[in-house]
Amino acid sequence: MILKDKSVLFISPSFFGYERSIKSYLTDSGAKVYFFDDRPSNTFLIKGLIRLSKGCVSYYINKYYDAIYTSIKNLKFDYFFVLNSEAMPLWFLEKLRKGKSSTRFILYMWDSFRNRKNANDYLNYFDAVYSFDKTDCERIPKLTFLPLFYLEEYSALSEKKNYVYDYCFIGTAHSDRYALIKKIKNQLDDENGISSYWYLYLQSKKLFIWQKLTNKHFKSAQLSEFQYKPLSKEAVLDVISKSKIIIDIQHPRQTGLTMRTIEALGACRKLITTNTDIVKYDFYNPNNICVIDRWNPKFDKSFFNEPFQPIKKEIYERYSLTGWIKTMFLDK
């Protein structure tokens, strides 16, 4: 009960259910949590406009945040916790700061600042700002480096070794990811006896058409190669429990480790990744982690045969959701 009798105002975008897991953990830790989605709507259109042309939906956003402020303005909070916001208007932060002077304001970014151009505008409103991206933390003095986390459900997979797949990939088709996955899949599928699971997700078929028109890496893509419904958390856990190796391809404009990377650590699964920055982390072990060239991926067959080597307990636990929350809420 590390947050016993504490009150938390928590705002986050919907992101494959992670926001619900964090809210549940805060509640289980003793806190009273008031949660609001960062976006007024999660339709494909609204998400796209917020990202590409926020001014077009400013009335909608302002009306939404005005309703939030009205509902919480008379409440007292120990913490105001924001995850990866991109819709939140600055006037909302200004009013909160004036009205909640005893509240600790915490911001965590699990996207690169190069991908969230308006994120810099938020910095001065927060007492502590954390980022998963080492490069951002090195160039922006306000940021404190803190990698992502794995949920307890992934830790529960660490002893399960009944593999069905030699490797799996589950992820959203962004940037050059589709083209790179095709290269990897074509190369590995030529190996005899190697089994795999692939789930390449797009939010809608409209987005597929947009990618075909604007993304050169989608030139040869086919509609049938993608899934248009995200896998449930239970389904993702099931696939990872049956997989010996997880494949990770980070966004080319970020160096921070993806959620899938930390989840592979939590599940004690081996990892193939394009993120060269991973060699700087304390859990890096070349027996467990294979770093491939993004432009010319090659694989050492022996990597598929060697078992996962356990890492030190104190390092392993540092990347849990418990460790993540303790760092932000309890460390001053």
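Structure: above.
Description of the structure in this document.

About the thresholds
- Residues numbered from 1 in each chain as written.
- Predicted model: local features only at pLDDT ≥ 70, side-chain atom pairs only at ≥ 80, totals over all residues.
- Heavy atoms only, no water.
- Helix = DSSP H or I, 4+ residues; strand = E, 2+ residues; numbered from the N terminus.
- Rg over C-alpha atoms; globule rule 2.2 N^0.38 Å.
- Buried < 20%, exposed > 50% of the residue type's maximum accessible area, 1.4 Å probe, protein only.
- Areas by Shrake-Rupley, 256 points an atom, 1.4 Å probe, with all protein chains shown as cover.
- Lys, Arg positive; Asp, Glu negative; His and termini not counted.
- Charge placed at Lys NZ, Arg CZ, Asp CG, Glu CD.
- Contact = heavy atoms within 4.5 Å.
- Pairing = 2+ DSSP bridges.
- Axes fitted to C-alpha atoms, helices over the stretch in contact; angles between N-to-C directions.
- Parallel < 35°, antiparallel > 145°, perpendicular 65-115°, else oblique.
- Left-handed = near helix turned anticlockwise from the far one by under 90°.
- Nonpolar A, V, L, I, M, F, W, Y, C, P; charged D, E, K, R; others polar.

**Some words on the overall build of the protein**
Tallying secondary structure elements over the protein gives 12 helices and 11 strands in all. Computed over its C-alpha atoms, the radius of gyration of the protein comes to 21 Å, within 12% of the 20 Å expected for a compact globule of 332 residues. Overall, the protein is about 65 × 50 × 35 Å in size when its C-alpha atoms are taken along their principal axes. For the protein, the proportion of its 332 residues judged to be buried stands at 54%. Just so you have it, the protein exposes about 16,000 Å², and 52% of that area is on carbon and sulfur atoms. For the protein, the distance from the average site of its 51 positive side-chain charges to the average site of its 36 negative ones is 5 Å.

**Side note on the side chain of Ser7**
You can see Ser7 is positioned in strand E1 (residues 7-12). In this view, Ser7 contacts Lys32, Tyr34, Lys76, Phe77, Asp78 and Tyr79; residues no more than four positions away in its chain are not counted.

**Examining the sheet that holds strand E2 (residues 32-37)**
Reading across from one edge, E2-E1-E3-E4-E5-E6 is the order of the six strands in this open sheet, with parallel pairing throughout. Each having just a single partner strand, E2 and strand E6 (143-145) make up the two edges of the open sheet. For this sheet, the mean inter-axis angle between neighbouring strands, taken without regard to orientation, is 20°. Across the sheet, helix H1 (residues 18-28) is in contact with E1, E2 and strand E3 (79-83); its angle to E1 comes to roughly 175°. Seen against the sheet, helix H3 (residues 58-72) touches E1 and E2 and runs at an angle of roughly 165° to E2.

**Overview of the sheet that holds strand E8 (residues 196-201)**
With parallel pairing, the five strands of this open sheet are ordered in space as E8-E7-E9-E10-E11. Across the chains shown, the open sheet's two edge strands, defined by having one partner strand only, are E8 and strand E11 (289-291). In this sheet, neighbouring strand axes are inclined to one another by 20° on average, regardless of whether the strands run parallel or antiparallel. Packed on one face of the sheet, helix H10 (residues 259-266) meets strand E7 (165-172), strand E9 (243-248) and strand E10 (270-273) and runs near 160° to E9.

**So, the packing of H3 against helix H4 (residues 90-99)**
At their nearest, the axes of H3 and H4 sit 10 Å apart, and the two run at 15° to each other. Our classification of the angle between H3 and H4 gives roughly parallel. When you trace H3 past H4, the crossing you get is right-handed. Residue-level inspection shows Asn62, Tyr65, Asp66, Ile68, Tyr69 and Ile72 of H3 in contact with H4, the latter providing Trp91, Phe92, Lys95 and Leu96. Among the residues forming the contact of H3 with H4, the class breakdown is seven nonpolar, one polar and two charged.

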